[in-house]
Number of protein chains: 2
Amino acid sequence: MAARPTMKDVARAAGVSLMTVSRVVAGETGVAPQTAARVEEAIRALGYQRNDIARNLRRKAQDSRTIGLVVDDLANPFFSALARSVEDEAYRRGFLVLVGSTNDDPRRERDVVSAFSARQVDGLVLVPTGGNRPFFRAQMARGVKVVCVDRPATGLDVDCVAVDNRAGTATAVRHLLDRGHSRIAYLGDRQEIWTQRERYAGYEQAMAAAGLAVDPALVRHGLRGVPEAAKAIGELMDAPNPPTAVFSGNDLVTLGAVDAGASRRFALVGFDDFLLADKLDPPISVVSQDPAALGRTAAQLLFGRIDGDDAAARSVVLATRFIDRGSGGDAVGPPLPGGRAVYQAAE
Amino acid sequence: MAARPTMKDVARAAGVSLMTVSRVVAGETGVAPQTAARVEEAIRALGYQRNDIARNLRRKAQDSRTIGLVVDDLANPFFSALARSVEDEAYRRGFLVLVGSTNDDPRRERDVVSAFSARQVDGLVLVPTGGNRPFFRAQMARGVKVVCVDRPATGLDVDCVAVDNRAGTATAVRHLLDRGHSRIAYLGDRQEIWTQRERYAGYEQAMAAAGLAVDPALVRHGLRGVPEAAKAIGELMDAPNPPTAVFSGNDLVTLGAVDAGASRRFALVGFDDFLLADKLDPPISVVSQDPAALGRTAAQLLFGRIDGDDAAARSVVLATRFIDRGSGGDAVGPPLPGGRAVYQAAE
DNA sequence: GTGAAAGCGCTAACAG
DNA sequence: CTGTTAGCGCTTTCAC
């Protein structure tokens, strides 16, 4: 309840001028040890703590030493791992991190970024929704540095850190093709999300390279969350001519497929690794990426920009890794060695 | 690169006084529509955005509309789910959230909270490490509201939201006892963490109630992370007189046990539910708590305090739920119905 | 070494 | 309806 004491209060208590207190608090040299001691004493007695907000208002280098981190959903393990590594990089440099989730809603994204910007953030690590391009351009014109991560903001001239979603997906689909599958379903999240478009493109590309047409009946976009994905898989599998294999476009969709797979059998490969994927029966093969590395790299780029790096926008592509755990199944033939009950094609 | 335009710039551009711009920006009534329009136009032309930091410095209600959220590890799904719900509550009220992870290190906790406080946060949602009590008392004296979540800060007179760890654990251990186990191991994280002490107390209590002595050889504390936990389990099981059942004190330890369980058989019940626990073989029984509810409740309490609620400190205890999925095994007897390979006692 | 004055960008409290 | 003055808590600049 007590009002926070100010430098003025400390100055009065120590019997010196406000300016002397400022110097002591800022750790400047040129204050007599005795005076400094008196000031320190008053600071302790009053419980004074510097107001960094007022400080930054007046300082020449008008930086707030705060960055904003805007992700789709902080509760999603992928984004929280990314967030943690951004936070670590910021902590190392004495920066603070404001966080916000967008839920992939451009309106909320705008709200959040507006508020961050009004708080004078020095920069933004952004997992962009589809919209708000002109708005971001305006922010950048005002001096806010922006780095995109996970997805680029097309049409915005900023640094971006992401993985090669297309190639990663093509590899995974090729893995299914190599095991004899030809009716391969694609299930993904909303196509408005760049990663989802890229992954679908990778799927199309791998199918085309194998001389196979994509059957539109086997493609489902717009799956938000596990239950929706599970339901979609169920419908696909219950339809007349079901797929023998499924490629899932993100971790949540994969989990939905695992859910649906308990009562049905099909080969499954998904984008994004997840905890316990190796402990399932069968263990799930995935295209894995490293969210912590994405966050770390994005933060490093951002701090470089804040420190004055004004080279042309960079695009960093991190590697994906295909992890074959066996759930790719075989379209025809006996169960996998080891006798495990694989999500295996029925025909 | 361009300096951010200020109200002064807008005033000049619109040919009005600074005060008129202030009124328009604040959305106050009592400005002639024509004048307002001229100002709006200037704002648009210059890309002006209000500096909320300068604003808060002068406003009567000296609130920054920012709270700090301090957790053990933002990358941990438990804390990230909690964080998301805190953020949602803040967003609804137009508050911003600064985040920081402590890694359970009091020094980092202090660093982070200091920096938050210097930024004039109105309040703190805190998953406290063991230390820094006097420091927090000083913060509160300065008017920073504090609410603890997941763990209380003993000796600090603040609101706290947590679950009944002791009772939840006792229930789980009783479940193992009921199924005939008597050599039940306890594996947990560092005892400096309140939840871990409580859970161990629940274990002791349930054992004592069953008239069983705790065998110190079956107790391991201080397990940080999955690999350490897996290693500890391995050692326990390879020792002369191994346990037939394991209680694990948090999600990471449970995952370590699952890892170790692939090559060994023992009953297992853990604190904290986790994704895919129901999809493992056997499905893992757990004491579950709701991190989102913890975060939401803590945030609501905090905003109540910020809004002036000065009632005595409240302690909210949320329910845990024991979810029996079968991994409790039977100390003696046939595999569980359904023929699943249960982590079952060997003897 | 120390202090007085000015001002960062904004709003409160008054005038007109 | 609009403008002037003062000042939030601090740092800059320039005196002494």
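Residue positions are given per chain, counted from 1 along the sequence in the order it is written. Chain letters and ligand numbers both follow the written order, the letters beginning at A and the numbers at 1. Only residues with pLDDT of at least 70 get local features here, since the model is predicted, and only at 80 or more are side-chain atom pairs given and counted; chain-wide, interface and lining totals rely on the full set of residues. Heavy atoms throughout the structure, all of them, feed into the side-chain values; hydrogens and water do not.

(A) Structural context of the domain arrangement of chain A. The domains assigned to chain A are domain 1 (7-50), domain 2 (66-162 + 292-318) and domain 3 (165-289). Residue ranges assigned to the domains are those given by an automatic or database domain assignment. For domain 1 of chain A versus domain 3 of chain A, the separation of C-alpha centres amounts to 64 Å.

(B) Just the protein's contact with DNA strand D, in detail. Around DNA strand D sit 26 residues in total, of which Ser-22 and Tyr-48 of chain A together with Arg-23, Thr-35 and Arg-58 of chain B are the nearest. Sugar and phosphate atoms form 58% of the subset of DNA strand D atoms that lie within 4 Å of the protein. Side-chain atoms alone can form a polar contact between residues adjacent in sequence; in general such a contact is a pair of N or O atoms within 3.5 Å, and within protein one must be able to donate a hydrogen while the other accepts it. A distance of 2.4 Å is found between a phosphate oxygen of DNA strand D and a side-chain nitrogen or oxygen belonging to Thr-35 of chain B. One of the side-chain N or O atoms of Arg-58 of chain B is found 2.4 Å from a base nitrogen in DNA strand D. The helix and strand labels rest on DSSP assignments: H or I over at least four residues marks a helix, E over at least two residues marks a strand, and numbering proceeds from the N terminus. Of all the secondary-structure elements, those providing two or more residues to the surface near DNA strand D are α2 (18-25) and α4 (52-58) of chain A together with α2 (18-26) and α4 (52-58) of chain B. Residues are classed as near a molecule or strand on a simple rule: at least one heavy atom within 4 Å of it.

(C) Representation of unusual backbone geometry within the structure. Put simply, Asp-281 of chain A and Pro-282 of chain A share a cis peptide bond, and its omega is 0°. Positive phi values are uncommon outside glycine, yet Leu-276 of chain B reaches one of about 75°. Among the structural elements, Leu-276 of chain B can be located in the loop between β9 (267-271) and β10 (285-288).

(D) Fine view of helix α3 (residues 33-46) of chain A. All names here are of chain A. Helix span, expected: 1.5 Å multiplied by one less than the number of residues in the helix. With 14 residues, α3 ought to run about 20 Å at 1.5 Å a step, and its terminal C-alpha atoms sit 20 Å apart, in line with that. Only protein chains enter the accessibility calculation, which uses a 1.4 Å probe; a residue whose area is less than 20% of its type maximum is buried, one above 50% is exposed, and one in between is partly exposed. Looking at α3, one finds that the buried residues are Thr-35, Ala-36, Val-39, Ala-42 and Ile-43. The buried residues of α3 occupy an angular sector of 125° when projected down its axis, which confines them to one face. Along α3, the residues that are exposed and aim more than 90 degrees away from the buried face are Pro-33, Gln-34, Arg-44 and Ala-45. Arc, as used here, means the arc of the directions from the helix axis to the C-beta atoms.

(E) Broad picture of the pattern of salt bridges. By definition, a salt bridge exists where a carboxyl oxygen of Asp or Glu is found within 4 Å of a side-chain nitrogen of Lys or Arg. All told, the structure shown has 55 salt bridges over all chains when counted by the stated rule. One salt bridge connects Asp-63 of chain A with Arg-59 of chain A, and the closest N-O pair in it is separated by 3.9 Å. Residue classification places Arg-59 of chain A among the partly exposed residues on the basis of a relative accessible area of 29%. Between Asp-73 of chain B and Arg-84 of chain A there is a salt bridge; the shortest N-O distance is 2.7 Å. Taken together, the residues span two chains, with Asp-73 of chain B in the loop between β1 (66-71) and α5 (77-92) and Arg-84 of chain A in helix α5 (residues 77-92). Exposure remark for Asp-73 of chain B: the relative accessible area of 22% places this residue in the partly exposed category. Arg-84 of chain A sits in the buried class, given a relative accessible area of 8%. Beyond isolated ion pairs, a larger network of salt bridges with shared partners links Asp-72, Asp-104, Asp-150, Arg-151, Arg-190 and Glu-192 of chain A.

(F) The packing of aromatic side chains, seen in detail. Note on ring pairs: Phe, Tyr and Trp rings are taken, using the six-membered ring of Trp, and paired if centres are within 6.5 Å. Classes follow the plane angle, with under 30 degrees stacked, over 60 edge-to-face and the rest tilted. Overall, the coordinates contain 14 aromatic pairs over all chains when judged by the stated rule. Ring centres of Tyr-186 of chain A and Phe-247 of chain A lie 5.9 Å apart, and the angle between their planes is 25°; this geometry places the pair in the stacked category. Here Phe-247 of chain A lies in strand β8 (residues 245-248) and Tyr-186 of chain A lies in strand β6 (residues 184-187), a separation of 61 residues in the sequence. Here the two residues Tyr-186 of chain A and Phe-247 of chain A agree in accessibility, since each one is buried. Here Tyr-186 of chain B and Tyr-203 of chain B contribute two aromatic rings whose centre-to-centre distance is 5.3 Å and whose plane-to-plane angle is 45°, an arrangement assigned as tilted. One end of the pair, Tyr-186 of chain B, is in strand β6 (residues 184-187); the other, Tyr-203 of chain B, is in helix α9 (residues 194-209), with 17 residues separating them in the sequence. Summarising the burial analysis for this pair, Tyr-186 of chain B and Tyr-203 of chain B share the class buried. Counting every residue linked through ring pairs, the aromatic cluster contains Tyr-186, Tyr-200, Tyr-203 and Phe-247 of chain A. Two conditions define a charge sitting above a ring: the NZ of Lys or the CZ of Arg must be within 6 Å of the ring centre, and it must be within 35 degrees of the ring normal. Across the ring face of Tyr-91 of chain A, the terminal group of Arg-108 of chain B is positioned such that the distance to the ring centre comes to 4.1 Å.

(G) Expanded view of the sheet that holds strand β1 (residues 66-71) of chain A. What makes two strands pair is DSSP finding at least two bridges between them. Here 12 strands make up an open sheet; going across it, the order is β11(A)-β5(A)-β4(A)-β3(A)-β1(A)-β2(A)-β2(B)-β1(B)-β3(B)-β4(B)-β5(B)-β11(B) and the pairing mixed. What marks the edges here is a single partner per strand, and that holds for β11 (315-318) of chain A together with β11 (315-318) of chain B. Averaged over neighbouring strand pairs, the angle between their axes works out to 20° when direction is ignored. Against the sheet, α5 of chain B contacts β2 (96-101) of chain A together with β1, β2 (96-101), β3 (123-126) and β4 (145-149) of chain B, and its axis sits at roughly 170° relative to β1 of chain B. Geometry is summarised by axes, namely lines fitted to C-alpha atoms with helices restricted to the contacting stretch, and by angles between N-to-C directions that run from 0 to 180 degrees. Residue contacts follow a heavy-atom distance rule, with two residues in contact if any of their heavy atoms lie within 4.5 Å.

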